[in-house]
Amino acid sequence: MESAAGQASAETDAETTAAADTADAQNFEGVKLVYWSNWEATEPQGVVIAEAVKAFEEQTGATVDLQFKGRKGIKEGLIPALDADQQVDMFDGAQNKSNYGDRILCLEDLTAAADYEKDTNPVLMELSRSYYDDGKLYEIPYQMKANGYMYNKSLFEQAGITEAPDTWEKFLDTCQKLKDAGITPLTTDDAYAMQAFGMHLARLIGDEEVKKVVNEGTWDRPEVLETAQAFEDMASKGYFSSQVGSNVWPTGQNTELATGTVAMYCVGTYVVNETKNITGPDFKWGFFGYPELEDGINGLEAMVIGNQSFAITNKCENPEAAFALIEMLTRGEWDAKLSQESLAIPADVNNTSWPEQLMDAKPYMDNCTEIFATSGGLENNPDITPALKENLLKLYAGTCTAEEFVDNMLAASKG
């Protein structure tokens, strides 16, 4: 039987397959690359990357010293290693590597030589360039994720809901239908409490203005109160789980959403992979983008998208070989396998056979022209995050009003 990854690979067009096989035509005999990965060797991503690296070595004659450092190892160890002239040629990890400064190479020439960009979501490439003052490309995105409402299709069906809502009015109607059917519509955890509120506020004022709110403490803006009132209204109607006020991640995610007792959770598509041992293979996942607001300044084309990324260091003596490995991992067969095994969105736009659990996110990703910052910008000030999480959970639980939320955040911002 052909694997899901094989099916995805088969659906790539001839041009993409040729791009994926670029490494076949290149001889890197005698080249040694040191690759630090932020994954663990036992994670799905680590398993697939190890297989791909072995194939790369066989095809090109290169030797790759693949070291699984984990998130902490990359965060704490990479800059000291590079500054000590230790050989590390390439690495992966969370998007936005601008903190590495001149320790990483500009990739504009390499991507142009490979005609690489035509097969990657252009908005994600634009996002990758936006992190750097010169507007140039220093990292290659992969392991994409989209944020919005992940939901249980079986519970929607039980409530007679046949399509995902795209406007706020339809969203509220969806919540009411679920409640009428005896189903709890919404939950969240402290870790993700900011996502829905932040995206709602960003619909009204845009994510740059949301960042100003959290950084400048302008919680008395009328749009903040309007957003808080929307969530106060939902809480008063009983749309949130009765335990939402005390949920510490991953309680809501694992014991409510994944077990099928709550229908919706505002989060990233990565939750599918995080909960797969609980949900099992028969859980029917759905996704929809944060609903449009009648008085909003943007719509479903604006959303939160993120990714991991690859970078090549300034210590690399063979950047063409390092880029060839990156290309192999983000194109064709190996990109498809990474997507299927880790239940993530593929980097190669020609890999159209997404994991079934994420297929609903595809039209939103395909139509995205504007990328919001994480939580619509609401996570831009870590100093205010603890107070924000605490008061949002109170708001969702119905233990504080919209006005009290605003007052509490004004007081927290003043220290």
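Each remark here, short or long, concerns the structure printed above.
Residues numbered from 1 in each chain as written. Predicted model: local features only at pLDDT ≥ 70, side-chain atom pairs only at ≥ 80, totals over all residues. Heavy atoms only, no water.

Participant: I tried to follow the overall build of the protein on my own but got confused; where do I start?
Facilitator: On a plain count of helices and strands, the protein comes out with 19 helices and nine strands. Relative to its length of 415 residues, the protein is compact, with a C-alpha radius of gyration of 22 Å against a globular reference of 22 Å. Projected onto the principal axes, the alpha-carbon positions of the protein cover approximately 65 × 55 × 35 Å. The buried share of the protein, reckoned over its 415 residues, is 55%. Taking the intrachain contacts of the protein between residues at least 6 apart in sequence as the baseline, contacts between residues at least 24 apart amount to 77%. Total accessible area on the protein is roughly 16900 Å²; 46% of this is exposed by carbon and sulfur atoms. In the protein, which carries 30 positive and 69 negative side-chain charges, the distance between the mean positions of the two groups comes to 3 Å. (Helix = DSSP H or I, 4+ residues; strand = E, 2+ residues; numbered from the N terminus. Rg over C-alpha atoms; globule rule 2.2 N^0.38 Å. Buried < 20%, exposed > 50% of the residue type's maximum accessible area, 1.4 Å probe, protein only. Contact = heavy atoms within 4.5 Å. Areas by Shrake-Rupley, 256 points an atom, 1.4 Å probe, with all protein chains shown as cover. Lys, Arg positive; Asp, Glu negative; His and termini not counted. Charge placed at Lys NZ, Arg CZ, Asp CG, Glu CD.)

Participant: Explanation requested: helix α15 (residues 319-329) in the structure shown.
Facilitator: Residue pairs three or four apart in sequence face the same way in an α-helix, which turns once every 3.6 residues. Taken across its 11 residues, α15 has 10 buried, putting it largely inside the fold. Taken residue by residue, α15 has Pro 319, Ala 321, Ala 322, Phe 323, Ala 324, Leu 325, Ile 326, Glu 327, Met 328 and Leu 329 as its buried positions.

Participant: Honestly, the packing of aromatic side chains in this entry has me stumped. Any pointers?
Facilitator: For any pair of aromatic rings, the description consists of the separation of the ring centres together with the inter-plane angle of the planes. Using the criterion set out here, one finds 25 aromatic pairs in the structure. Between Tyr 142 and Phe 310, the ring centres sit 4.1 Å apart and the planes meet at 20°, which makes this aromatic pair stacked. Of the two residues, Tyr 142 sits in strand β4 (residues 140-152) while Phe 310 sits in strand β8 (residues 302-312), which places them 168 residues apart along the sequence. In this structure, Tyr 142 and Phe 310 share a single accessibility class: buried. (Phe/Tyr/Trp six-rings, centres within 6.5 Å; stacked < 30°, edge-to-face > 60°.)

Participant: I keep staring at the packing of helix α18 (residues 385-397) against helix α19 (residues 402-413) and nothing clicks. Help me out?
Facilitator: The description of two helices packed together rests on the angle between their axes and the distance between the axes. At a minimum axis distance of 10 Å, the contact between α18 and α19 shows a crossing angle of 170°. Taken together, the axes of α18 and α19 lie roughly antiparallel to each other. Listed contacts from α19 to Ala 387, Leu 388, Asn 391, Leu 392 and Leu 395 of α18 are Ala 402, Phe 405, Asn 408, Met 409 and Ala 412. Residue composition of the contact of α18 with α19, by class: eight nonpolar, two polar and no charged. (Axes fitted to C-alpha atoms, helices over the stretch in contact; angles between N-to-C directions. Parallel < 35°, antiparallel > 145°, perpendicular 65-115°, else oblique. Nonpolar A, V, L, I, M, F, W, Y, C, P; charged D, E, K, R; others polar.)

Participant: So what exactly am I meant to see when it comes to empty space enclosed by the protein here?
Facilitator: The tally for this structure, following the rule as stated, stands at one cavity of 30 Å³ or more. Looking at the largest cavity, the residues that line it are Tyr 149, Leu 186, Thr 187, Thr 188, Tyr 192, Ala 193, Ala 196, Phe 240, Met 264, Tyr 265, Cys 266 and Tyr 396. Listed by contribution, the elements that provide at least two residues to the lining of the largest cavity are β5 (184-187), α9 (193-205) and β6 (262-268). Considering every element that reaches the lining of the largest cavity, the biggest residue donor is β6, with three residues. Broken down by class, the residue content of the lining of the largest cavity amounts to 10 nonpolar, two polar and no charged. (1 Å grid on protein atoms, 1.4 Å probe; cavity = no way out; pocket = protein on both sides within 12 Å on 5 of 7 lines; lining within 4 Å. Points joined across faces, edges and corners; volume = space filled by probe spheres on them.)

Participant: Whenever I open this one, the nonpolar core confuses me. Can you help?
Facilitator: As a rule of thumb, nonpolar side chains are buried together in soluble globular proteins. Counting residues in each nonpolar core, the largest one holds 135 residues, and the members touching the most others are Phe 197, Met 264 and Phe 405. At nine residues, α9 tops the list of elements feeding residues into this core. In this view, Phe 197 contacts Val 224, Thr 227, Ala 228, Phe 231, Leu 378, Leu 392, Leu 395, Tyr 396 and Phe 405; residues no more than four positions away in its chain are not counted. (Core = buried A, V, L, I, M, F, W, Y, C linked by side-chain atoms within 4.5 Å.)

Participant: Got a minute to help me understand unusual backbone geometry in this structure?
Facilitator: Apart from glycine, the bulk of residues carry a negative phi angle, and the bulk of peptide bonds sit in the trans form. A cis amide bond, omega 10°, links Trp 249 with the succeeding residue Pro 250. As for its placement among the helices and strands, Pro 250 is situated in the loop between α11 (222-236) and α12 (251-257). In this structure, Ser 375 is a non-glycine residue whose phi angle is positive, near 50°. One can find Ser 375 in the loop between β9 (370-372) and α18. Among the residues examined, Ser 375 registers a relative accessible area of 1% and is labelled buried.

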